[in-house]
Amino acid sequence: MKVLKFGGSSVASAANMNKVISIVNGSLKQGPLVLVVSAVGGVTDALLQLGGQAADGDADYTVLLKKLEDRHLDIVRELLPVQHQSSTLSLVKKIFNELTAICEGLYQLREWSPRIRDRVAAYGEILSSQIITACLQLHTVQAIWADARALIVTNDQYGNALVDFHVTNSRIAGYFGEAAASVYVVPGFIAATADNQTTTLGRGGSDYTAAIFAAALSAPVLEIWTDVSGMMTADPRIVPHAKPIPSISYQEAMELSHFGAKIIYPPTIQPVMKKQIPVAVKNTFAPEAAGTLIEQTAPQAEGFIRGISSIGSISLLSLEGSGMVGIPGFSKRLFETLADQRVNVILITQSSSEHSICVGINEADVLKAKRAIDHAFSHEIQSGKLEPLQVETGLSVIALVGEQMKSHPGVSGKMFGALGRNGINVRAIAQGSSEKNISAVLASADVRKALNVLHEAFFETSYQQLNIFIVGVGNVGAKLIAQLQQQAQFLLEQLRLQIQVVGLCNSRKMLIQEEGIDLQNWKQVLDEGDAADIDVFVETIRHSNLRNSVLVDVTASESVAQVYGRLLEKSVSIVACNKIACSASYSYYAGLKKLARDYNASFLFETNVGAGLPVIGTLNDLLRSGDKIRRIQAVLSGTLNFVFNHYDTTKPFAEIVRQAQAEGYTEPDPRLDLGGTDVMRKIMILAREAGQVLEMEDISNQRFLPDTCMQGTVADFYTAMLTAEEHFRSLYQAARDKNAKLKFVATWEAGKARVGLEQVREESDFYHLYGKDNLVLFYTDRYPEQPLVIKGAGAGAEVTASGVFADIIRVSNR
């Protein structure tokens with residue numbers, strides 16, 4: 001005889017109940033069955049609420065009671081034809097009359113004891129099971145309503161009663177040995193004491209009811225019908241890419257259900273596990289779906305982790321002190337104290353030095369647990385042998401579950417490495433000797449991120465996802481978005497990398513969509529976004545707490561550069577095209593680098609120096625491989641190189657500069673380029689990356705612009721350059737007279753840096769440098785005479801965007 005159980009969502013409406021009837025009729029082809037049902041969805045909570053209101057003297061309980069009655073009467077009217085409704089409507093009204101009488105007594109006596117709570121809560125399952133029975137009988141099915149209270153016997157631990165299996169199994173066997181129906185409809189969740197006082201089996205106990213019947217009847221299978229297609233590798237409401245688990249062992253299912261997987265109730269597995277009865281978890285709303293089969297030994301999975309789960313609202317209680325070391329029975333005293341208060345211990349961890357012990361309990365039990373422990377260990381605390389009990393709240397437990405973990409070394413390292421790389425702090429760790437699960441306690445605010453990080457690490461072998469927030473969508477930013485869109489398929493197929501743009505911000509508008517922004521029409525959706533506020537944007541990123549988050553700064557804004565620290569300390573990586581942070585004070589630059597190390601984040605800024613050229617990356621590769629930088633010489637301004645390569649006195653110098661700005665080679669204020677400030681920043685960044693403590697004021701700048709060009713607005717700057725045209729002609733002519741060219745060169749050597757306009761002859765590496773190209777020469781211990789040369793376009797939106805793109809990909813490889 002099969003046993004089928006349907007949850008609250010499966011019987012939440014007349015339409016859903018008809019689905020149940022259809023599934024039952026299909027199962028009847030294989031023989032008689034037991035049908036266990038939960039209360040109509042939401043009814044148990046409502047019953048407890050109205051009972052509490054009545055006991056508190058709140059007359060409004062009658063309003064909720066009337067709503068519940070009307071809801072059940074409406075289900076009957078919709079479910080049954082008019083000519084067959086009368087008896088069932090009368091039965092529902094009779095049950096509500098009983099409930100009304102109980103509530104009136106509660107209102108008068110102000111009593112709301114655990115015994116009364118169980119009695120009130122039981123009516124939910126009684127009502128739903130009676131309605132289902134009437135409907136089955138209408139469909140000419142020989143259905144009998146079997147009162148679980150007459151068959152399942154428990155103790156008087158109301159709210160979570162313990163089953164007397166010896167008596168219960170005997171009663172069930174006797175009852176079914178005499179009856180001859182096709183379907184036995186049983187209300188789940190409820191039972192009774194030996195003296196017939198109604199009890200409940202704990203929230204979610206309808207699963208347990210079904211398992212008790214399946215074990216007692218040696219059923220071939222127990223089917224749990226719910227609103228999802230079986231157990232999943234993680235909660236799909238939190239982890240969008242969670243996958244169905246086709247098969248799982250009893251032990252694994254118990255671990256997952258204990259740690260928050262709400263598909264089945266944790267004790268459910270125990271009765272059927274003893275009889276080795278398989279449990280099929282199926283979807284009422286997609287009965288054709290395969291679901292999950294829970295059995296003694298599940299087939300070996302493709303991976304060695306079966307699932308990831310979590311429990312929220314956890315508190316940690318920590319006792320520590322020298323008075324614990326070497327004292328037998330100390331742990332026993334602690335656990336007895338908690339057991340006396342009926343406090344369930346979810347997780348235990350103790351240091352090998354015996355100097356501390358930590359337990360995880362439900363947050364709701366904290367106050368009574370603390371009072372009890374403070375009292376039990378008052379002598380040790382007062383004498384200083386123990387520190388006062390430490391209580392931490394706002395925590396959750398995540399658990400990695402899989403029987404095959406024990407044969408795969410490195411699981412813990414992979415788990416904690418993935419969490420660490422995403423800045424998720426672990427407060428406590430526990431692992432059983434059976435190695436079926438690894439549990440970690442962390443802040444509840446990090447649970448969503450942690451589950452997604454671990455799911456990606458252990459299940460999503462197909463690709464890795466980066467969540468990026470782009471600030472600055474002008475020339476370079478727009479090119480970057482176009483490149484991301486163009487390369488999306490290539491990255492997915494070749495690098496198994498999905499770069500999802502979840503945030504955009506410019507000077508006017510900002511937008512964050514955690515599910516990802518459609519890059520086909522990003523300009524339109526950004527225009528419809530909120531007013532830009534970089535602080536609000538950053539706090540939203542921090543609060544979103546998405547895994548593998550990256551801020552991409554494609555601005556020249558100081559206010560944006562100032563937020564890096566707030567993001568790095570949340571393990572959000574930074575890719576900066578903006579040079580301001582790395583060219584600020586050395587202490588600020590070094591502080592950001594340290595934050596990146598401390599919080600396992602990347603801080604990359606390749607485009608600060610050579611647009612898309614691999615200058616900083618090459619420098620770091622040299623240093624990491626043991627080389628030492630002796631001297632750096634470079635032409636680092638694509639703008640200045642463009643200007644001096646095109647200026648031959650046939651056009652005014654100002655016109656060439658204006659052309660460079662129009663083609664996107666200059667900073668918004670060209671004086672940063674022509675005045676040497678931008679080159680100073682670049683050589684300083686290279687010197688710092690080479691290990692030199694260097695500030696802007698330490699750099700010598702032999703400026704070629706007259707002072708008049710450095711005053712006023714950008715428009716004034718162009719006017720002043722036209723006035724100073726003779727000065728620029730003389731510079732050009734002086735170089736030409738020596739068969740030389742003008743190049744703005746940066747040099748770092750022996751701890752000193754300088755920048756300035758130089759006349760370079762034909763034998764110089766800089767002589768044959770054309771257009772907007774940059775050239776960097778690294779003289780090192782390994783390259784003492786012939787330097788390592790990096791040459792290429794050092795300006796332009798397309799190449800700069802590609803350099804930012806390359807840094808984003810580097811973040812994924814960390």
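A brief structural summary. (Residues numbered from 1 in each chain as written. Predicted model: local features only at pLDDT ≥ 70, side-chain atom pairs only at ≥ 80, totals over all residues. Heavy atoms only, no water.)

**Quick notes on the overall build of the protein chain**
Spelled out, the test is: Helical segments are the DSSP runs of H or I of at least four residues, strand segments are the runs of E of at least two, and each set is numbered from the N terminus. Every radius of gyration here is taken over C-alpha atoms, with the globule rule written as 2.2 Å times N^0.38, N being the number of residues. Throughout, exposure labels follow a simple rule: accessible area from a 1.4 Å probe, protein chains only, divided by the maximum for the residue type, with under 20% read as buried, over 50% as exposed, and the rest as partly exposed. Should any heavy atoms of two residues lie within 4.5 Å, those residues are counted as being in contact. The Shrake-Rupley method, run with a 1.4 Å probe sphere, supplies the accessible areas, and residue values consider only the shown protein chains as cover. Only four residue types enter the tally: Lys and Arg on the positive side, Asp and Glu on the negative side; His and the chain ends are excluded. To locate a charge, take NZ of a lysine, CZ of an arginine, CG of an aspartate or CD of a glutamate.
In terms of regular secondary structure, the protein chain is built from 30 helices and 30 strands. Relative to the compact-globule value of 28 Å for 814 residues, the protein chain shows a C-alpha radius of gyration of 36 Å, a clear excess of over 25%. Dimensions of the protein chain, computed from C-alpha atoms along their principal axes, come out at roughly 120 × 70 × 55 Å. The proportion of buried residues among the 814 residues of the protein chain is 52%. Considering only residue pairs separated by 6 or more positions, the protein chain has 72% of its internal contacts joining residues 24 or more positions apart. Here the protein chain has roughly 34500 Å² of accessible surface; of this, 49% comes from carbon and sulfur atoms. Within the protein chain, the 85 negative side-chain charges are centred at a point lying 2 Å from the centre of the 75 positive side-chain charges.

**Some words on the packing of aromatic side chains**
To keep things clear, this is the line we draw: For Phe, Tyr and Trp, rings pair up if their centres lie within 6.5 Å, where Trp contributes its six-membered ring, and each pair is then called stacked (planes under 30 degrees apart), edge-to-face (over 60) or tilted (otherwise). Here, a charge over a ring is recorded when the distance from Lys NZ or Arg CZ to the ring centre is within 6 Å and its angle to the ring normal is within 35 degrees.
Under the definition given, this model contains 20 aromatic pairs. Arranged with centres 5.9 Å apart and planes meeting at 40°, the rings of Tyr61 and Tyr107 form a pair that is tilted. Of this pair, Tyr61 sits in helix H3 (residues 61-79) while Tyr107 is found in helix H4 (residues 86-109), placing the two residues 46 residues apart along the sequence. A relative accessible area of 6% means that Tyr61 is categorised as buried. Its relative accessible area of 25% is what places Tyr107 among the partly exposed residues. Each residue in the set Phe644, Tyr647, Phe653, Phe704, Phe728, Tyr732 and Phe744 is aromatic and connected to the rest through ring pairs, giving one cluster. Above the face of the Tyr718 ring, Arg658 is positioned so that its terminal group lies 3.9 Å from the ring centre.

**Things to note about the packing of helix H2 (residues 43-55) against H4**
Let me state the cut-off plainly: Each axis is a line fitted through C-alpha atoms, taken for helices only over the stretch in contact, and angles between the N-to-C directions span 0 to 180 degrees. For this classification, the nonpolar set comprises Ala, Val, Leu, Ile, Met, Phe, Trp, Tyr, Cys and Pro, the charged set comprises Asp, Glu, Lys and Arg, and every other residue, Gly included, is treated as polar.
For the pair H2 and H4, the least separation of the axes is 7 Å and the interaxial angle reads 40°. Residue-level inspection shows Leu47, Leu50, Gly51, Ala54 and Ala55 of H2 in contact with H4, the latter providing Leu99, Cys103, Leu106 and Tyr107. The class makeup of the residues in the contact of H2 with H4 is eight nonpolar, one polar and no charged.

**Some remarks on the sheet that holds strand E20 (residues 509-512)**
Selection rule: Note: two strands are recorded as paired if DSSP finds a minimum of 2 bridges between them.
The seven strands lie next to each other as E21-E20-E19-E18-E22-E23-E24, forming an open sheet whose pairing is mixed. At either end of the open sheet lies a strand with only one pairing partner, and these are strand E21 (530-531) and strand E24 (603-604). As paired strands, strand E18 (residues 464-471) and strand E22 (residues 549-553) are joined by five bridges and run parallel to one another. Across the sheet, residue Val471 finds its bridge partner in E22, namely Asp553. Helix-sheet contacts for helix H16 (residues 475-495) involve E18, strand E19 (497-505) and E22, and the interaxial angle to E19 is about 155°.

**Overview of the pattern of salt bridges**
For the record, the criterion: Criterion for a salt bridge: a side-chain nitrogen of Lys or Arg within 4 Å of a carboxyl oxygen of Asp or Glu.
If you walk through the whole model with that rule in mind, you get 32 salt bridges. Between Glu514 and Arg448 there is a salt bridge whose closest N-O contact spans 2.6 Å. Of this pair, Glu514 sits in the loop between E20 and helix H17 (522-527) while Arg448 sits in helix H15 (residues 447-458), placing them 66 residues apart in sequence. Under the relative-accessibility criterion, Glu514 is labelled partly exposed at 31%. According to the relative accessible area criterion, Arg448 is partly exposed, its value standing at 37%. One salt bridge in this structure joins Arg624 and Asp621, with 3.0 Å as the shortest N-O distance. Highlighted residues: Arg624 and Asp621, both in helix H23 (residues 615-624), separated by three residues, approximately one helical turn.

**Details of the nonpolar core**
Put simply, the test is: Residues belong to a common nonpolar core when they are buried Ala, Val, Leu, Ile, Met, Phe, Trp, Tyr or Cys residues joined through side-chain atoms within 4.5 Å.
Counting residues in each nonpolar core, the largest one holds 97 residues, and the members touching the most others are Phe6, Leu35, Leu136, Val183, Leu222 and Ile294. When neighbours within four sequence positions are excluded, Phe6 is seen to be in contact with Val20, Ile23, Val24, Leu35, Val36, Val37, Ser38, Trp225 and Thr284. Of all hydrophobic cores here, the second largest spans 82 residues; its members include Ala581, Leu674, Met684 and Ile699.

**Some points on the layout of surface pockets**
The criterion, for reference: Lining residues are defined by having an atom within 4 Å of a point belonging to a cavity or pocket. Those points lie on a 1 Å grid over the protein atoms alone, cavities being sets where a 1.4 Å probe fits but cannot get out and pockets being open sets with protein on both sides within 12 Å along at least five of seven lines. Grid points are joined across faces, edges and corners, and a volume is the space filled by probe spheres set on the points.
The volume enclosed by the second largest pocket comes to roughly 990 Å³. Sorting the residues of the lining of the second largest pocket by element identifies H16, helix H19 (558-561), helix H22 (607-610), helix H24 (638-646), helix H26 (671-674), helix H27 (677-689) and helix H30 (797-812) as the ones contributing at least two each. Per element, the largest residue contribution to the lining of the second largest pocket is four residues, and it comes from H22. For the lining of the second largest pocket, the per-class residue count stands at 17 nonpolar, 21 polar and eight charged.

**So, helix H1 (residues 14-27)**
Definition in use: Working rule for helices: expected span equals 1.5 Å times residues minus one.
Over its 14 residues, H1 runs 20 Å from end to end, which matches the ideal 20 Å to within 8%, given 1.5 Å per residue. Buried within H1 we find Ala14, Asn16, Met17, Val20, Ile21, Ile23, Val24 and Ser27. Structurally, H1 contributes buried residues whose contacts are with strand E1 (2-6), strand E2 (33-37), H3, helix H6 (123-138), strand E5 (183-187) and strand E8 (222-226).

**Some thoughts on the pairing of E5**
On any regular strand, side chains alternate: one points to one face of the sheet, the next to the other face. Extensive coverage of E5 is indicated by the burial of five of its five residues. Burial of the side chains of E5 extends over both faces: Val183, Val185 and Pro187 are buried on one face and Tyr184 and Val186 on the other. Bridge count between E2 and E5: five bridges; the pairing is parallel. By the bridge assignment for E5, Leu33 is matched with Val183. Note that strand E3 (residues 143-145) and E5 share three bridges and pair parallel. Directly across from Ile144, in E5, lies its bridge partner Tyr184.

**Here's the deal with the packing of H1 against H6**
Our working definition: For classification purposes, an angle smaller than 35 degrees is called roughly parallel, one larger than 145 roughly antiparallel, one from 65 to 115 roughly perpendicular, and anything else oblique. Throughout, a crossing is termed right-handed when the near helix is turned clockwise from the far one, and left-handed when it is turned anticlockwise from it by less than a right angle.
Across the interface, H1 lies against H6 with an axial gap of 11 Å and an inter-helix angle of 55°. Here H1 lies oblique to H6, going by the angle between them. As H1 runs across H6, the sense of the crossing is right-handed. Contacts between H1 and H6 pair Met17, Val20, Ile21 and Val24 from the former with Ile131, Ile132, Cys135 and Leu136 from the latter. Of the residues that constitute the contact of H1 with H6, the class distribution is eight nonpolar, no polar and no charged.

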